[in-house]
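# Geometric and topological summary
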Amino acid sequence: MSRAALFSCLVSCLWSLLLVGCGDEWNNPYPRSEREANILYTAFIDRPKHLDPAQSYTEDEGTIIGQIYEPPLQYNYLKRPYTLEPATATHVPQPEYFDAQGRKLPHDPPAAKVAYTDYVIELQHGIRYQPHPAFAKRADGSYRYLDLSRDELSKVRTLADFPEQGTRELTADDYVYNIKRLAHPQLNSPIFGLMSDYIVGLDDYAKTLKQANDAHPGEWLDLRKYPLSGVEARDRYHYRIRIKGKYPQFLYWLAMTFFAPMPWEADKFHSQPGMAEKNLVLDWYPVGTGAYMLTENDPNARMVLQHNPNFHGATYPCEGEPGDREKGLLADCGKALPFIDKVVFTREKEQIPYWNKFLQGYYDASGIASDSFDQAVNVGSGGDVTLTDDMRAQGIRLTTSVAISDMYLSFNMLDPLVGGETDAARKIRQAISIAIDQEEFISIFANGRGVAAQGPIPPGIFGYRDVENSYMYGADEHRRSIEEAKKLLADAGWPNGRNAKTGEPLIVNLDTTGAGTGSKARLDWLAKQFRKINLQLVIRSTDWNRFQDKVRKGAVQLFYLGWNADYPDPENFLFLFYGPQSRARLNGENAANYSNPEYNALFEQMRSMENTPERQHIIDRMVEILRRDAPWVWGYHPKDYTLSHAWLLNGKPNKVGHDTLKYLRVDAVLRAEKRAEWNRPVLWPLLAILAVCAALVVPAMRAWRRRENRRETL
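Let me begin by describing the structure that accompanies this report.

Criteria and thresholds
- Residues numbered from 1 in each chain as written.
- Predicted model: local features only at pLDDT ≥ 70, side-chain atom pairs only at ≥ 80, totals over all residues.
- Heavy atoms only, no water.
- Helix = DSSP H or I, 4+ residues; strand = E, 2+ residues; numbered from the N terminus.
- Contact = heavy atoms within 4.5 Å.
- Areas by Shrake-Rupley, 256 points an atom, 1.4 Å probe, with all protein chains shown as cover.
- Lys, Arg positive; Asp, Glu negative; His and termini not counted.
- Charge placed at Lys NZ, Arg CZ, Asp CG, Glu CD.
- Patch = residues over 30% accessible without salt bridge, like charges linked within 9 Å, V, L, I, M, F, W, Y side chains within 5 Å.
- Salt bridge = Lys/Arg side-chain N within 4 Å of Asp/Glu carboxyl O.
- Phe/Tyr/Trp six-rings, centres within 6.5 Å; stacked < 30°, edge-to-face > 60°.
- Lys NZ or Arg CZ within 6 Å of the ring centre and 35° of its normal.
- Buried < 20%, exposed > 50% of the residue type's maximum accessible area, 1.4 Å probe, protein only.
- Arc of directions from axis to C-beta.
- Disulfide = S-S within 2.5 Å.
- Axes fitted to C-alpha atoms, helices over the stretch in contact; angles between N-to-C directions.
- Parallel < 35°, antiparallel > 145°, perpendicular 65-115°, else oblique.
- Left-handed = near helix turned anticlockwise from the far one by under 90°.
- Nonpolar A, V, L, I, M, F, W, Y, C, P; charged D, E, K, R; others polar.
- Core = buried A, V, L, I, M, F, W, Y, C linked by side-chain atoms within 4.5 Å.
- Pairing = 2+ DSSP bridges.
- Expected span 1.5 Å × (residues − 1).

### Digging into the overall build of the protein
Helix and strand counts for the protein come out as 22 helices and 24 strands. Based on the C-alpha atoms only, the size of the protein along its principal axes is roughly 115 × 80 × 55 Å. When contacts within the protein are restricted to residue pairs at least 6 apart in sequence, those whose partners lie at least 24 apart make up 72%. For the protein, the accessible area works out to roughly 33200 Å², and carbon and sulfur atoms hold 51% of it. The averaged location of the 90 negative side-chain charges in the protein is 5 Å from the averaged location of its 85 positive side-chain charges.

Below is the structure:
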C-alpha cells in the first residue's frame, strides 16, 4: 500500500469516528435551534396558485389564507352541526327584510314578499392589521411606500427589504373594499357570477370598473372612488350588504375569505408599477388581521406562517359536541389563542417521502395514501377500522370523518337514450344504478374510505336521512339483485340489453379524463358492472378542457364528477338539480341538465327557508323525486382519514372552516424525545468500517515500517 493510499484509508477511518461522535439525529431536516420550539410541521403537495382572497377558491390555498384573512364570521371549531359565530363581528347579523316599495317587513316573511334583504355587520373595536410596509408613514403622516419610483423599487426583492412597517385599525371600509374587488376586471373572481345574482348592483358595478379600467389602462383603480349601491360603510364599525330577495344561506358566505377585509393601502402598495415583475403582489403576499402572517413564501419548496404580533386575540371554545370532553378536546377551554408560534409547510411532491417523514416524527400529522393504507390501518370484516400495531406503538391517533362531498356518475338528461323523463329512460338509469356496486368500488379503489350515497345530501348536513334508497336497496338493506336490474331493462324495452324491436345492443358512452394512476383498473371495473346487465360501455377518453367543453354543451351521455360543499346547507347540494341551473342551457352548476317541474317548485320554496321540520319535509320529498328519477348514479361520500402524533393536540376535522391552526397545540418536548428515540443512528455499519480499516491499516503500517527499516539498514 502506498503512502497516499494509507493516508486515504486513515482519513476515512477518522471521518467515521467523527460521524460516530455527531449527535443523536443525523437526518433531522430542521435546525437544532428548533428542537423544542413551539412549531407545527406539515407539508403540501400542490403549490397554491392564488393567495388573494378575491381569487382563491381551493382547499390548499384556504389552508394558508384562512389563517391570515378574517371574514366577519367563522364556524365554531367544535360544534356539530356546523354553527356560525363572530370572528371580527360583534355578533352574527340578523336579516332585515324589505318589500319592493322599501317598506320593512316583519321577521321571516314569505319569500315572495321579499324584494331585498339587508345584513348590517358590526365590527369589534381595536382590531389591527399585521405589520406591513403599506401602512408605514413618515413623521408628517404621509405614506412612505405608496408612491415608489422605479429607482427605489429596483433595490427591492422581497417585503423584508422595506425597512419600515406599520399597522392600523380594521374598519368597515376594508370589508366594503374587498367586496368591490369581486367585480374587478383584472381579478376574475370565481364567485363574481354567483354574487352578482345576489348582491344588489354588483353586475352594474363590474361594468363601471371595466369602463374605468379601459379609460386608464395600467393604472391602479382606486375602488373608493366608485360606490357600490348594494354595499356601503355606515360608519367606522358598521357596514351593510343588500341582497336581492330572501337568501338565508348568504350568512355562510360571510364566513368565507371572499368576504374578508382588504385595506386600500395594501392594494395600492402591491399595484405599483414594477411590483408584479418581482412577485410583490397581493396574490403572493397576503395582508390580514388573523392569528398568523405569511413570512416566507417559496411555493416550490417551503411556506412559513408566524404568529401575528397584532392579533386581537381569541379563546379556545368551551362547548362542543357529545364526546369531545372525553377526547380531551375541551381541556384548553378559555385559553388564549393561538397556541402555536410558527407553522412550517414543506413541499413534498411525492407521497412516499411525506409518509416516511411522518413516521419519523418530522411531520406532525398526515393523511393516508393508498400505498400506505395497509401499513397504517386494519379493516375488519364488518368494516370497522383500527390502527395497526406499529401505529399504536408509536402513539399515533386516527381520526375519521365523512366529507361533505359527493363523488358521482352523472347521466346527461338531455341525451335521447338515457336522459329525459320517459318511464323507459328512468328504468334504464335505475338498472344501471343497481348494477354499479358502490360498496365494492369503495372497498377496492378507496380502501373502504367512503360511505355509499343514498342521495345528494351527505351526513352532517341538515336534511340528511339515514334511510337507504329503496330504488337501489331492498327491504333487507342489501343492494337489489342483478335480476331486478335486468327486469327494469326489459320493461324499458331492452331485454338482455338489446332493443326489443331491432335487436341492436344498448351501448352507453362514458366520457372521461381518466389518465392517472389506477384509472384503467377503475374503468375496467366499471365496464364489468355494465356487462352484468348485458350492456356495453364505451370509454371515450379526452383531456380536461375538451371534457369540460362537452359537458358544457351537453354532448355527453355519462360522466364522473364531484362536488365539495361551499357551505353546510342542503341548498348547496340540491341546487345541482335545479332546472334553471342547467349547465348546457344556462351555464349553471346542474351538469346533469336535470329538470323536474315539481322538484323545481319545491326547491324554490325550500331554499329560502330556515331549518325547520317543514323544510325537512320538503327536502324529504325532493330527495325521493331524485331517487326515483336517478339523474345520478349515487356514488359515495368520501371518508377522510387523518393520522396525528401524540404530541399534536386539539385536532378535530373541520370540513368548512379554514382558520383552524390557531386551535392546535403541540407538546414540543415530547416530540423532541420521540424524534430522538425513533431516529437513533445505526452505528454497526460504522463499527464494521472501522474494523475493516483496522484490518487494512495495521498490517500495512507494519509492512511499511519494516520496509523503512530495511532502507535505513542499507
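From this point on, the discussion continues.
### What to know about a negative patch on the surface
Residues Asp466, Glu468, Asp476 and Glu477 make up a contiguous surface patch of negative charge. Within the fold, Glu468 resides in the loop between strand S18 (450-452) and helix H14 (482-491).

### Comments concerning the packing of aromatic side chains
The tally for this structure, following the rule as stated, stands at 39 aromatic pairs. Ring centres of Phe250 and Phe259 lie 5.6 Å apart, and the angle between their planes is 85°; this geometry places the pair in the edge-to-face category. Of note, Arg242 hangs over the ring of Phe98, and the distance from its end group to the ring centre comes to 5.3 Å. Arg665 extends its terminal NZ or CZ atom over the ring of Phe339, reaching a point 6.0 Å from the ring centre.

### Quick look at helix H9 (residues 351-359)
Listed as buried for H9 are Tyr354, Trp355, Phe358 and Leu359. Buried residues in H9, looked at end-on, bunch into an arc of 130°, giving them a common side. Elements in contact with the buried residues of H9: strand S1 (39-44), strand S13 (365-366), helix H10 (373-376), helix H11 (389-393), strand S22 (632-644) and helix H21 (668-678). After H9 finishes, the residue Gly361 shows a positive phi value of roughly 90°.

### So, the environment of Glu610
In this fold, Glu610 is placed in the loop between helix H19 (597-606) and helix H20 (613-629). Taking the relative accessible area as the measure of exposure, Glu610 reaches 39% and is therefore partly exposed. Considering only alpha carbons, one finds Glu610 and Asn654, 44 residues apart in sequence, at a separation of 23 Å. Beyond its immediate chain neighbours, meaning those up to four positions away, Glu610 contacts Tyr97, Pro248 and Arg615.

### Some details on the state of the cysteines
Across all of its chains, the model carries 1 disulfide by this definition. Residue Cys318 pairs covalently with Cys333 via a disulfide, S to S 1.9 Å. Judged by the sign of its S-S torsion, about 90°, the bond between Cys318 and Cys333 is right-handed. Here Cys318 is found in the loop between strand S10 (314-315) and strand S11 (336-337), whereas its partner Cys333 is found in the loop between S10 and S11, with 15 residues between them in sequence.

### Quick notes on the packing of helix H13 (residues 438-445) against helix H15 (residues 519-531)
Following both chains from N to C, one finds H13 and H15 inclined at 160°, their axes separated by 12 Å at the closest point. Put simply, H13 runs roughly antiparallel to H15. Judged by the sense of rotation from one axis to the other, the crossing of H13 with H15 is right-handed. Where H13 approaches H15, its residues Glu440, Phe441, Ile444 and Phe445 are matched on the opposing element by Ala521, Arg522, Trp525 and Gln529. Split by residue class, the contact of H13 with H15 holds 5 nonpolar, 1 polar and 2 charged.

### Side note on the pairing of S1
Of all the 6 residues making up S1, 6 are buried; the element is thus mostly covered by neighbouring parts of the structure. Side chains Ile39, Tyr41 and Ala43 project from S1 onto one buried face, and the interleaved Leu40, Thr42 and Phe44 project onto a second face that is buried too.

### Some thoughts on the nonpolar core
Across soluble globular proteins, nonpolar side chains show a tendency to be buried alongside one another. Counting 167 residues, the largest nonpolar core has Phe250, Phe259 and Ile432 as its most contacted members. In terms of residue count, H20 provides more of this core than any other element does, 6 residues in total. Leaving out residues up to four positions away in the same chain, Phe250 has contacts with Tyr119, Met195, Ile199, Ile241, Ile243 and Phe259.

### Let's talk about the sheet that holds S1
Taking strand neighbours across the sheet as the criterion, the 4 strands line up as S1-S12-S9-S8 in an open arrangement whose pairing is mixed. Both edges of this open sheet fall to S1 and strand S8 (292-298), since each of them pairs with a single strand only. The sheet shows a mean angle of 15° between the axes of neighbouring strands, taken without regard to direction. As paired elements, S8 and strand S9 (residues 302-307) share 6 bridges and run antiparallel to each other. For Leu294, the partnering residue across the bridge sits in S9 and is Leu305.

### Focus on helix H6 (residues 202-215)
Its 14 residues place the ends of H6 20 Å apart at the C-alpha level, agreeing with the 20 Å of an ideal helix rising 1.5 Å per residue. For H6, the complete set of buried residues consists of Leu202, Tyr205, Ala206, Leu209, Ala212 and Asn213. Down the axis of H6, the smallest arc covering the buried residues is 125°, so these residues share one side. Residues of H6 that are exposed and point over 90 degrees away from its buried face: Gln211 and Ala215. Close packing links the buried residues of H6 with helix H4 (172-181) and helix H5 (192-196).

### Overview of the sheet that holds strand S6 (residues 231-235)
Pairing within the open sheet is antiparallel, and its 4 strands lie in the order S4-S5-S7-S6. The sheet terminates laterally at strand S4 (96-98) and S6, the two strands that pair on one side only. Neighbour to neighbour, the strand axes of the sheet diverge by 25° on average, direction disregarded. By the bridge criterion, 4 bridges tie S6 to strand S7 (residues 238-244) in an arrangement that is antiparallel. Paired with Ala233 across the bridge in S7 is Tyr239. The strands that H4 touches are S6 and S7; relative to S6, the one it contacts most, it runs at about 175°.

### Observations regarding the packing of H19 against H20
Relative to each other, H19 and H20 sit at 155°, their axes nearing to 10 Å. By the angle between their directions, the pair H19 and H20 is classed as roughly antiparallel. The crossing of H19 and H20 is left-handed. Side by side, H19 and H20 meet where Glu598, Tyr599, Leu602, Phe603, Gln605 and Met606 of the first sit next to Glu614, Arg615, Ile618, Ile619, Arg621, Met622, Ile625 and Leu626 of the second.

### Structural notes on the pattern of salt bridges
Under the criterion given, the structure shown has 42 salt bridges. Here Arg144 makes a salt bridge to Glu164, at a shortest N to O gap of 3.0 Å. Of this pair, Arg144 sits in the loop between strand S5 (116-122) and helix H3 (150-154) while Glu164 sits in the loop between H3 and H4; the two residues are 20 residues apart in sequence, bridging distant segments of the chain. Given a relative accessible area of 31%, Glu164 falls into the partly exposed group. Of the charged contacts in the structure, one is a salt bridge between Asp423 and Lys427, with a shortest N-O distance of 3.3 Å. Placement of both Asp423 and Lys427 in helix H12 (residues 423-435) is noted, with a separation of 4 residues, approximately one turn of the helix. Look at Lys427 and you get buried, because its relative accessible area is 19%. Linked through salt bridges whose partners overlap, the residues forming this network are Asp423, Arg426, Lys427, Arg628 and Asp629.

### Here's the deal with the side chain of Asn308
As for its position among the elements, Asn308 is in the loop between S9 and S10. The exposure class assigned to Asn308 is buried, which follows from its relative accessible area of 0%. The contacts of Asn308, once residues within four sequence positions are left out, are Gln130, Pro131, Gly288, Thr289, Gly290, Ala291, Tyr292 and Met293.

### Observations concerning the environment of Leu561
Mapping Leu561 onto the fold places it in strand S21 (residues 558-564). It is 8.9 Å that separates the C-alpha atoms of Leu561 and Ala591, two residues lying 30 residues apart in sequence.

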